Amino acid sequence: MAVTENALGHVVLAMVVLVVVYHGINGVRLILSEYGVIFAKPSRPDYPYKAKSLRTIQRHLIWVAIIAAILAALYTGGTLFG
Amino acid sequence: MRESTIMQLQYGTAVLALGLVTVHLLMQGVLVPYGEAVSFQHVLSVYRNVVDGALLEVLLIVVLAHGFNGLRIILLEWRQSAGWTRGVNSMVLLVTLAAISYGTRTVILAATGQVT
Amino acid sequence: MGGEELVLRIQRFDPSLEKHPHLERYAVPLNDGMTVLDALLYAKDRLDHGIAMRFSCRMASCGSCGMKINGRPRLACETQLADLRSSTVTVQPMDNFPIVRDLVVDLESFFSKHRAVSPHLVRKGDPQEQESPTGEYLVTPQELDSLVQFTYCIKCGLCSSSCPTSSTDSLFPGPQALAQEYRYLQDPRDEAGDERLDLVDTEHGVWRCHFAGTCSAVCPKGVDPALGIQLLKRHIMAARSPFRRRKPKASSGARVFPNPNEDLLKRP
């Protein structure tokens, strides 16, 4: 489509790819968390009360999502502009 | 329908969409050069292949269901009233079915060679 | 820290007299070990008697002094000024609640959502046992471990104040109520499991939590409500999955053992 075959269109498509990839990987994180696959068991809290839910691998998956989204957007931009 | 059932459908369509989009990108974006992949005739040939066409149809349904249910959730969190809830649920269902119908029409037209 | 002064900015607002809140500045002398509550009480006592705030135990036990301190929901009594590492401290009322005056917010919706999840054990059978108990309902250490952290909740409201869903969806129960729902669902002495699931498996129930995690980040007692909510979702998925194994309903888990002191109890 001619509408997207210009610089602005390429940037918009790269942004779409960035958002979709982040949404997808973050969604996988949520699904795994809500099905309890990557969750810690409850236990008696001890001072300084650091929440277990914020320390498990699922928080690292957020960074995986961000980095993968940026890489995918860059790849898309390179393909469209290249 | 219980909200937990709707959410199971949401997660199921999410996983299915991720898988199908990955397959679609591999087939059309990696195995085929990008310039050729987005050419009109190549896209038509994809629809005319039964397996590829079926994959695209399933992807259409899955992505629309997932997307419009997500929109429904956003709208329900935005405002709260009985009328708003009923309206959002009904409108989203209607729009989803309409979008799936229109997309399926496009797939059928392309697959049966009525688009050249 | 002795001899220094702190600039304390307190949000002042009387809805009956003003349209918008504003910040007022107070100079408070700093002492070692001072908390935000100490600074607020100094300002109220010496500088402006009209500052409205809630506080009580001064030891992070009652949950009364929940406020937004330098942009983050915290308990004023356990927030050390030294830990804030700032010569200016801004204190505002908790978000997501209507303001009564200054730092005092209306917590009626918070408590009504808590009451709505029946935060008590529900026994359906054995009314005779309820009236004239012959023993105790036992909970094993393993069963206790699965729910004890959620019993530490002091109903301070910080979690609901930080929840992004609570800020837009007025019908969302909030992290506190949902975590308590899980606490009672996990308790083997409770017999209202199906009713509890029906209560939260709704359009504005547990599924509107998107796991931002801010509730657990601000909880001062380590309750980790986000963990409770995700476990609640897992419980619902397992209980209402079309693939679940249909097995006979398990016993309530309540084991009544004769009370060895029964004779003592019968004495007048």
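What you are looking at is a predicted structure, and each value in this text was computed from that prediction instead of being measured. (Residues numbered from 1 in each chain as written. Chains lettered and ligands numbered in written order. Predicted model: local features only at pLDDT ≥ 70, side-chain atom pairs only at ≥ 80, totals over all residues.)

Observations concerning the overall build of chain B
Then comes step 1: Scanning chain B for helices and strands turns up five helices and zero strands.
Then comes step 2: The C-alpha atoms of chain B give 17 Å as radius of gyration, which overshoots the globular expectation for 116 residues (13 Å, by more than 25%).
Then comes step 3: For the C-alpha atoms alone, the extent of chain B along its principal axes is close to 50 × 25 × 20 Å. (Helix = DSSP H or I, 4+ residues; strand = E, 2+ residues; numbered from the N terminus. Rg over C-alpha atoms; globule rule 2.2 N^0.38 Å.)

Considerations on the interface of chain A and chain C
Then comes step 1: In this assembly, 15 residues from chain A lie in contact with 21 residues from chain C.
Then comes step 2: Looking at side-chain class alone, the side of chain A that touches chain C contains eight nonpolar, four polar and three charged residues. (Contact = placed C-beta atoms within 7 Å. Nonpolar A, V, L, I, M, F, W, Y, C, P; charged D, E, K, R; others polar.)

Looking at the pairing of strand 3 (residues 66-69) of chain C
Residues and elements named next belong to chain C.
Then comes step 1: A two-sided burial pattern is seen for strand 3, the buried positions comprising Gly66 and Lys68 on one face and Met67 and Ile69 on the other.
Then comes step 2: Alignment of strand 3 against strand 4 (residues 72-75), held across four bridges, turns out to be antiparallel. Looking at strand 4, one finds that Gly66 is bridged to Leu75.
Then comes step 3: Counting the residues between successive antiparallel strands, the hairpin from strand 3 to strand 4 contains two residues, one of them, Asn70, with a positive phi of roughly 50 degrees.
Then comes step 4: As paired elements, strand 3 and strand 5 (residues 88-92) share two bridges and run antiparallel to each other. (Buried ≥ 20, exposed ≤ 12 C-beta atoms within 10 Å, placed from the backbone. Pairing = 2+ DSSP bridges.)

Notes on the interface of chain B and chain A
Then comes step 1: Of the residues lining the interface, four residues belong to chain B; the matching set on chain A comes to four residues.
Then comes step 2: In terms of residue count, helix 1 (residues 3-30) of chain B provides more of the side of chain B that touches chain A than any other element does, three residues in total.
Then comes step 3: Split by residue class, the side of chain B that touches chain A holds four nonpolar, no polar and no charged.

Here we look at the environment of Asp198(C)
Then comes step 1: When you line up the elements, Asp198(C) lands in helix 9 (residues 193-200).
Then comes step 2: Put simply, Asp198(C) and Leu138(C) are 60 residues apart on the chain and 27 Å apart in space, counted from C-alpha to C-alpha.

What to know about the confidence of the model for chain C
Residue and element names in this part refer to chain C.
Then comes step 1: Summarising the model, chain C shows a mean pLDDT of 89, and 89% of its residues fall at 70 or more.
Then comes step 2: Within the model, pLDDT remains below 50 along residues 247-253, and this stretch shows four contacts once partners closer than five positions in the same chain are excluded.
Then comes step 3: Throughout residues 264-268 the model reports pLDDT below 50, and contacts reaching past four residues in sequence, or to other chains, amount to one contact.
Then comes step 4: Reported confidences for the modelled complex are a pTM of 0.86 and an ipTM of 0.83. (pLDDT = per-residue confidence, 0-100.)

Looking at the packing of helix 8 (residues 175-186) of chain C against helix 11 (residues 225-239) of chain C
Residue and element names in this part refer to chain C.
Then comes step 1: At a closest axis distance of 8 Å, the pairing of helix 8 and helix 11 adopts a crossing angle of 55 degrees. Looking at the two axes, helix 8 sits oblique to helix 11. In this structure, helix 8 crosses over helix 11, and the sense of that crossing is left-handed. Facing helix 8, whose interface residues are Pro175, Gln176, Leu178, Ala179, Glu181, Tyr182, Arg183 and Leu185, helix 11 presents Pro225, Ala226, Gly228, Ile229, Leu231, Leu232 and His235.
Then comes step 2: Residue composition of the contact of helix 8 with helix 11, by class: 10 nonpolar, three polar and two charged. (Axes fitted to C-alpha atoms, helices over the stretch in contact; angles between N-to-C directions. Parallel < 35°, antiparallel > 145°, perpendicular 65-115°, else oblique. Left-handed = near helix turned anticlockwise from the far one by under 90°.)

Observations concerning the domain arrangement of chain C
Residue and element names in this part refer to chain C.
Then comes step 1: Structurally, chain C comprises domain 1 (5-105) and domain 2 (108-239).
Then comes step 2: Between domain 1 and domain 2, the C-alpha centre-to-centre distance is 30 Å.
Then comes step 3: Listed per partner, the contact involves 14 residues of domain 1 and 14 residues of domain 2.
Then comes step 4: In terms of residues, the side of domain 1 that touches domain 2 owes the most to one element, strand 4, which gives four residues. (Domains from an automatic or database assignment.)

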